[in-house]
Amino acid sequence: MALPESFRERVSNNLANTKLLSTIGALIIAYCLARVVYRLKFHPLSKYPGPWVAAVTGLWWAYVRVTGRYPWIIEDALRKYGDVVRIGPNELVFLTPKAAKDIYLSIDKNLELFYQVGYDALDTGDGGISGETDPVRHREIAKKLAPAFSTRNLKSKEATILKHIDLFIDRMKEVGMQGKGAEMQHWSDWLALDLSADMTYCRDMGQVRDMKDSVLLSATLKLNLFVTMSEITRKFRLLTPLMYFTIPPSVWPLMPKLIRMNTEDVKTRIERRGQTEHLDYFEQLIPADQPVPEDRKHIYHLENVAGQLLLASWQPLADQFYSLIFFLLGAPDAYGALVEEVRTAFATSDAINMESTATLKYLQACQRESLRLHQATVDGLPRVSPGAIVDGQYIPKGVICQISYFAAARSPRYFSDPLQFRPERWLSPDHTRFDPAYKDDNLAASKPFSQGPRGCPGGSIAMAVIRLFITKTLWHFDLEARPDYEGMSFEKDFKWLTFWERPPFWVKFKPVRAPAIAEK
């Protein structure tokens, strides 16, 4: 029996469609295979070692970013493959201090040559200062802000900074000896964000006073993964929908309030121009002798800069308030030496100030060692090559390159006992605690505030604040960690996404009598 003509036509069409789909599928597979072969064998970066999957797809980098172990994984890759490692189809990471100089200090007419990638900041539609990709525009903003980080500006903040630290000391006298003591994860965030908000735009957060999280702090800490995913999706736009699934349900109702909060703070600060208790960072953006901005785009830019300054001040301070105590309590000899230096240097707590703490050599050594081990700059600070030599190798134009300050600061090539807290490595030979075992350490390999046009301009301010904090704390208290501290370590208990996630850490603050020098 003959088949109907319509049936034969349908079969023929289906076969043709199947053949077409098979051909398309084969072409896609061939294209993908060709792309893989090209990236592995013929790409300009194919000569550089690294995980083969990283050479094929940027998804290796994306996966590593969300593990919380990014700096350690990059460190392991550099240890395994060498000083230059391919961590993406078009991306390299370097280890050496020479590479860092070539990338971050390369300038022409005061403009950076290796320019900002743009994806390593929250996508708000305005780069602010840290996410601004245009070197000219970045320089304009940085130049305008520069006086905010001057010695004069810092000196004007000293009374305010001491006020916050003294309030912390008073709170520790109330709660530091109670029960388990004080949980430093919370207290370091409270104090650091209170300080940051006051220094950025004279805002009183009141967290140390009230002993509880502000809405801003509580929500921001919960958005760590979301902010990281925001960075990833700026490289892989197809993954954008996934970003919103990383916002915890408890934070969704707060999102409109968080969006309004910074806007309202900036508006209030503009209205208070010339009427604040001290110079803050914002004063440089809109001086009192200039007209009130009315352009919405300009105001939005100010909001982004202010928000970035707030976060950039808060996180490094919180990390070091916590970590310096964390490392000291794990190194009894260093703790004892620092306590002795602090308590013999000051007759009264009021004598502790920025100028006097800057003379304490062992304190500075402890501070630098803590910053070496617990880096703030661990994301690689990626930059786009203009086509230039980096550590003796020509890097083609358009290649993303970066340094792992984290790996360099922990490398046995540059530091003896690299994973140990050894402040002695930072002392000069004429210091009584100088240890010749560390005389050959390459201290320049540790750059906690990076360098060059985009280096952190507030590094000296952060250093001064940290010195005041630890000096005041050790002058007033003996510190004692809970027994479970013995099982804690930086290597296994800390995580990093966009912000560092520090484990709960309980410390007892035991008030001490005034030092003997004060009793004479």
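Quick caveat: nothing in here was measured; it's all calculated off a predicted structure.

Scoring rules and cut-offs
- Residues numbered from 1 in each chain as written.
- Predicted model: local features only at pLDDT ≥ 70, side-chain atom pairs only at ≥ 80, totals over all residues.
- Heavy atoms only, no water.
- Helix = DSSP H or I, 4+ residues; strand = E, 2+ residues; numbered from the N terminus.
- Buried < 20%, exposed > 50% of the residue type's maximum accessible area, 1.4 Å probe, protein only.
- Contact = heavy atoms within 4.5 Å.
- Phe/Tyr/Trp six-rings, centres within 6.5 Å; stacked < 30°, edge-to-face > 60°.
- 1 Å grid on protein atoms, 1.4 Å probe; cavity = no way out; pocket = protein on both sides within 12 Å on 5 of 7 lines; lining within 4 Å.
- Points joined across faces, edges and corners; volume = space filled by probe spheres on them.
- Patch = residues over 30% accessible without salt bridge, like charges linked within 9 Å, V, L, I, M, F, W, Y side chains within 5 Å.
- Areas by Shrake-Rupley, 256 points an atom, 1.4 Å probe, with all protein chains shown as cover.
- Salt bridge = Lys/Arg side-chain N within 4 Å of Asp/Glu carboxyl O.

*Asks:* Hey, could you run me through unusual backbone geometry in this one?
*Replies:* Positive phi is not limited to glycine here, since D391 has a value of about 50°. Mapping D391 onto the fold places it in the loop between β8 (388-390) and β9 (393-395). Non-glycine residue S450 carries a positive phi angle of around 60°. You can see S450 is positioned in the loop between α19 (405-409) and α20 (459-476).

*Asks:* For this particular structure, what's the right way to read helix α11 (residues 224-233)?
*Replies:* What sets the pattern is the α-helix's 3.6 residues per turn: residues three or four places apart point alike. Most of α11 sits out of view: nine of its 10 residues are buried. Among all positions in α11, only N224, F226, V227, T228, M229, S230, E231, I232 and T233 are buried. Those residues of α11 hidden inside the fold are in contact with α3 (59-65), α10 (215-222), α12 (240-244) and β13 (500-501).

*Asks:* Is there a simple way to think about the packing of aromatic side chains in this case?
*Replies:* The geometry of two aromatic rings is summed up by the distance between their centres and the angle between their planes. Scanning the model with the defined rule gives 27 aromatic pairs in all. For the ring pair F149 and Y281, a centre distance of 4.9 Å and an interplane angle of 35° mean the geometry is tilted. Here F149 is found in the loop between α6 (135-145) and α7 (151-175), whereas its partner Y281 is found in the loop between α13 (255-271) and α14 (282-285), with 132 residues between them in sequence. Assigned by exposure class, F149 and Y281 land together as buried. Note on F327 and F490: the rings are 6.1 Å apart at their centroids and 55° apart in plane angle, and the pair reads as tilted. Here F327 is found in helix α15 (residues 296-329), whereas its partner F490 is found in helix α21 (residues 490-493), with 163 residues between them in sequence. Judged by its relative accessible area of 9%, F327 falls in the buried class.

*Asks:* Sorry, what's going on with the layout of surface pockets here?
*Replies:* Sizing a probe to match a water molecule and rolling it over the atoms shows the empty space that remains. In this structure, the second largest pocket spans a volume of roughly 360 Å³. Lining the second largest pocket are 18 residues, with F327, G330, L419, Q420 and F421 sitting closest to its centre. Elements with a minimum of two residues in the lining of the second largest pocket: α15 and α21. Looking at which element gives the most residues to the lining of the second largest pocket, the answer is α15, with three residues.

*Asks:* What is the right way to read a nonpolar patch on the surface from this model?
*Replies:* A surface patch of nonpolar side chains, about 390 Å² in accessible area, is lined by L20, L21, I24 and I28. Examined against the element boundaries, L20 turns out to sit in helix α1 (residues 5-42). Looking at L20, the relative accessible area reads 49%, which means it is partly exposed.

*Asks:* Explain the pattern of salt bridges to me, please; I cannot follow it from the model alone.
*Replies:* Any two side chains of opposite charge can pair, given that their charged atoms come close. Per the counting criterion, the structure on display carries 31 salt bridges. Where K155 meets E158, a salt bridge forms, and the shortest distance between an N and an O atom there is 2.8 Å. With K155 and E158 both in helix α7 and three residues apart, this pair spans about one turn of that helix. If you follow the salt bridges from partner to partner, you end up with E75, D76, R79, R410 and E491 in one network.

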